[in-house]
Amino acid sequence: MCKKQFAAVLLGILSFIGCSQEGNHKDVLWPEINKEQKPWTRWWWMGNAVDSAGIKQNLISFSKAGLGGVEIQPIYGVKGEEDRFIEHLSPEWLAMLDYTIKVADSLQMGVDMTLGTGWPYGGPQVEIEHAATRLIHVKKELKKGEILNQFIGDSTVKKLPLTLKGVYAYADDGEYKDLTQRLGHKKEKWEAKDKNYDVYFVYEAKTGQQVKRAAPGGKGFTVDHYSSKAWNDYIEPYNKALPELDGTLRSVFNDSYEVYGTDFSPRFFEEFEERRGYDLRKYLNRLFEKKDDEISNRVRSDYRETLSDLLLEEFDRPWTAWANSKGMKSRLQAHGSPGNLIDFYASADIPECETFGSMPYDIPGFRRLEENIRKGDANPVMLKFSSSAGHISGKPLISSETFTWLREHFKTALSQCKPEVEDLFLSGINHVFLHGSTYSPERAAWPGWKFYASVNFNQNNSIWEDAPELFRYMANCQSFLQQGKPDNELLLYYPIHDTWNKYLKGNLFFQFKIHSLNEWLLNTPFYQLTQDLMENGYNMDFISDRFVEQIALEGNSIVLPGEKYKALVVPQSHTMPLETLKKLTELQKQGANIIFMEAPETIPGNYDVERRNTELKSVTENIDLTSNLYEELQDANVIKEDLIDLGLKYIRRDVDGEKVYYIVNHTLETVKELPINISTEQVTIYDPLTGEVGKARIIAKNDKTVVGITILPGQSFILKTGIDTGVGPWLYTEPMGEEYKVEGKWKLSFLKGGPSLPSDIELNDLKSWTALNDETKAFSGTAVYEITFNLPDTDAEYWELDFGDVRESAKVWVNGEYAGALWSVPYQLKTSLFKKGENTLKIQVTNLPANRIKALESSGKEWKIFHEINMVNKDYQKFDATQWKDTPSGLLTPVVIQPLNVMNKNQ
């Protein structure tokens, strides 16, 4: 038993030496854990009511738990704390920020910051001219012979300006007249002499959207995201403030695109004509009337593409350039943006995705009660947009906002976090941000200050007791997932113009949101092909039209700024830019493995359609279409992993020519060996949960390797190919004889928590402590179970402890020595610490805070004391815990001990 190392684990040291619990392996160093390989957390400053003592205390707590950094997000405040509120960007606020950076640096932690308060970007510095903008109109129908005789110019509505952009008349036969000079800003008559006309008075209006959840000093209009002029104006206060700091932020953050209804910008008509090649004003009547026909949809597609171009070129890229000029990185959540997510994500130094709600898993013993969840949308295809962008553009870190609304408040267990974060890792994420942690001073009564949509990872939450185990697991995984480079050998073209060209209720402004995948992703040929490829053992990255233009060839390798690929598949796509098609066909002619499922039928947009379509058809005549996709992938030597047939999930990376596999079992079944489609002389197994390391038994089969490893439902392992002389053999065991139930008198004592510490209790049988008495029923915190018992005479050297149903996490000592932690399914551990005859077992169990908050609310005491949204439940309704059922707590099932036989004693 590696006592010193496990003691270090208890103290929250993440960069520990991985060793076998059984102790017969040589010590093997895991990759050294740095701050970016540890999880980070979003850190809400409520009302900016922070002080140096609280900042230091919070950061030390985070550091001890194993977090690598924080992202500061100032938000609304706490009632009764108004005298302590600090204005955003004030000298006092900047002093607190500077102090945060210095303390974090002393703890070897990093600091990111959102560039504003709340979300989206906006604030008091946003003058009305630079606020988010929309296009509106007033329609006047003129019959033949009628006279329009009125003045219509600039105006205001609800104190927001309306700026006249033009007056345009459209006849029944399609004739267009620009009447702006005659009727705009002055009164003059105009007669519909020989036709019926619809006359549109077109205005630039403001959406009026304010910053959501703003902190003191942060209220104001949302900024126009389609204008570099607006961006440059927005950033001025930060240009003045940041030089005042002594320290340096690692990166600035931009949250998901929640700028609503903004479909215009002052220069939009000019930008549209420059980019799309024709005057949009000639077709505005089609857009305003929401016509659903080919021409209208083509114009609408061009409109949407122009919005996408402006957001990327006028805001997202300048934002990253600004950050880099200040010595910082940029971190961007692109989802929700009105355009190609791949390009938006790739514009940042650290692309970031998001998960929201709870996903289902088949793992036996995994709990997902309907009354506690919000159905999740962590779709693996959606998640790959951010990681793909990072991979193809050469960004080493791909982050995620993680665990948002994972369960109802106070009801999230560490065990429920594990498979959710594993799916992120499997999708290419390697830099997790928790959602999140609220700054809470020591003066705040329990449960402290709390943000309305978070798990709240801090010391006020009872799960904080064993959260270092989760954080260590995440750091161990990320220490491998940040090594080398991604090893997705396949590209899949994303045909965004097929979506832009759809009617989509006639809306000009269409957001690509994670919460509405049915509108733009699900049931598309692209999505169906992605799923089919993944189910057949392939992993891939997505590519946009802009990145297709950047492809170069080395031999027949497809080279992008971030990676090389063996093949590119073009799914069935009705609409494709002519430039993209030409590039792909030219690459195919030059020997690249460009695999077309079908030929596109038309170009997008409404510019010179007939000529460009004729050219497209000429190009498509020379395309080689696939007759068998999987044969072509095999011919291109794209590796297919057969382990997928066992129900396992994987992601693969390349480290100096060797392969690293991260493999997860989310199924009902145990896997006892698995194939990897790589030929290798050695495979090293790393268990990121326990730190155990060892050389695997392998069998070579042609160009494949079969790895001997038992993976239980809920378990994950890292496999690394290549010779490592410092690694001892992996310990293989099998059950030996009968299992034994631990029986006798259990002593249950309550260590820490509240609302009060119950008296010690003696138990004959294990059951939820909520069933013992009224005091234990309300208790949330940590308790200790202790028992002395006899084991029968046996030659077993190793034993497996199975704890069954643990609520929710535990630390275990056998005969006074630390044996390990239990916080995820399956609640099992192996140890060599048992002996013949009398043994002692000590189990320190921590439950959820749900019962305590129920008791607090039932007593009539009010803790929901926050401004703005205050506190809501998972369905955004009034939060009320008084009607909750009691949450089971402690050890619920007998502890079973199974003697084990070592199968490789002589190795």
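Residues numbered from 1 in each chain as written. Predicted model: local features only at pLDDT ≥ 70, side-chain atom pairs only at ≥ 80, totals over all residues. Heavy atoms only, no water.

Undergrad: Explain the packing of helix H11 (residues 380–393) against helix H16 (residues 525–535) residue by residue, including any values.
TA: Orientation of H11 relative to H16, taken along the N-to-C sense of each, is 95°, at an axis distance of 10 Å. Accordingly, the angle class assigned to the pair H11 and H16 is roughly perpendicular. Of the residues in H16, those in contact with Pro380, Val381, Lys384 and Phe385 of H11 are Phe526, Tyr527, Thr530, Gln531 and Met534. Classifying every residue of the contact of H11 with H16 gives six nonpolar, two polar and one charged. (Axes fitted to C-alpha atoms, helices over the stretch in contact; angles between N-to-C directions. Helix = DSSP H or I, 4+ residues; strand = E, 2+ residues; numbered from the N terminus. Parallel < 35°, antiparallel > 145°, perpendicular 65-115°, else oblique. Contact = heavy atoms within 4.5 Å. Nonpolar A, V, L, I, M, F, W, Y, C, P; charged D, E, K, R; others polar.)

Undergrad: Could you give an account of the packing of helix H2 (residues 52–65) against helix H3 (residues 91–106), naming the residues involved and the relevant values?
TA: Contact pair H2 / H3: the axes reach a minimum separation of 10 Å and the direction vectors enclose 30°. Here H3 runs roughly parallel to H2, going by the angle between their axes. Note that H2 runs across H3; the crossing there is right-handed. On H3, the residues touching Ser52, Ile55, Lys56 and Leu59 of H2 are Met96, Tyr99, Thr100, Val103 and Ala104. Residue classes in the contact of H2 with H3 are distributed as six nonpolar, two polar and one charged. (Left-handed = near helix turned anticlockwise from the far one by under 90°.)

Undergrad: Mind laying out the sheet that holds strand S31 (residues 683–686), listing which residues take part and the relevant values?
TA: Taken together, six strands build an open sheet; the order of strands is S20-S28-S29-S35-S31-S32 and the sheet is antiparallel. Each of the sheet's edge strands pairs with one partner strand only, and the pair in question is strand S20 (485–486) and strand S32 (693–695). In this sheet, strand S35 (residues 716–721) lies alongside S31 in antiparallel orientation, the contact comprising four bridges. The partner of Thr684 across the bridge, within S35, is Lys720. (Pairing = 2+ DSSP bridges.)

Undergrad: Break down the side chain of Arg367 for me, citing the residues and quoting the values.
TA: As for its position among the elements, Arg367 is in the loop between strand S17 (350–356) and H11. When residues no more than four places from it in sequence are discounted, the contact partners of Arg367 are Arg407, Ala413, Gln416, Arg807 and Glu808.

Undergrad: For H16, give the residues involved together with the corresponding values.
TA: Where H16 is concerned, the buried positions are Phe526, Tyr527, Leu529, Thr530 and Leu533. Buried residues in H16, looked at end-on, bunch into an arc of 165°, giving them a common side. Positive backbone phi, at 95°, marks Gly537, one or two positions downstream of H16. (Buried < 20%, exposed > 50% of the residue type's maximum accessible area, 1.4 Å probe, protein only. Arc of directions from axis to C-beta.)

Undergrad: Outline the state of the cysteines, supporting the account with residue identities and numerical values.
TA: Within this structure, the stated rule accounts for zero disulfides. No disulfide involves Cys353; its sulfur sits 16 Å from that of Cys417, the nearest cysteine. Of the residues examined, Cys353 reaches a relative accessible area of 3% and is grouped as buried. In this structure Cys417 is a free cysteine whose sulfur lies 14 Å from that of Cys477, the closest cysteine sulfur available. Overall, the relative accessible area of 0% leaves Cys417 in the buried class. (Disulfide = S-S within 2.5 Å.)

Undergrad: Lay out unusual backbone geometry with the relevant residues and their values.
TA: Residue Trp119 is joined to Pro120 through a cis peptide bond whose omega torsion reads -10°. Phi is positive for Leu89, which is not a glycine, with a value near 70°. Positioned with a positive phi, Asp656 is a non-glycine residue whose angle comes to about 55°.

Undergrad: With reference to specific residues and values, describe the sheet that holds strand S27 (residues 594–596).
TA: The four strands are arranged S22-S21-S26-S27 in an open sheet whose pairing can be described as parallel. Whereas interior strands pair on both sides, the edge strands pair on one side only; in this sheet they are strand S22 (540–543) and S27. Recorded for the sheet is a direction-independent mean angle of 25° between the axes of neighbouring strands. Pairing geometry for strand S21 (residues 490–493) and strand S26 (residues 567–570), over three bridges, is parallel. Residue pairing across strands places Leu491 opposite Leu568, the latter belonging to S26. Sitting on the sheet, H11 is in contact with S21 and S22, with an inclination near 80° to S22. Contacts from helix H18 (residues 578–589) reach S21, S26 and S27, with the element oriented near 120° to S27.

Undergrad: Any chance you could break down the packing of aromatic side chains for me, citing the residues and the numbers?
TA: Taken as a whole, this structure holds 59 aromatic pairs when the rule is applied. Aromatic pair Tyr170 and Tyr200: ring centres 5.7 Å apart, planes at 70°, arrangement edge-to-face. Taken together, the residues span a long stretch of sequence, with Tyr170 in strand S10 (residues 160–171) and Tyr200 in strand S13 (residues 197–206) at a distance of 30 residues. In this pair, the class of Tyr170 matches that of Tyr200, namely buried. An aromatic cluster of at least three residues, connected via ring pairs, comprises Trp43, Trp45, Phe62, Trp93, Phe403, Tyr439, Trp449, Phe457, Trp464 and Phe471. (Phe/Tyr/Trp six-rings, centres within 6.5 Å; stacked < 30°, edge-to-face > 60°.)

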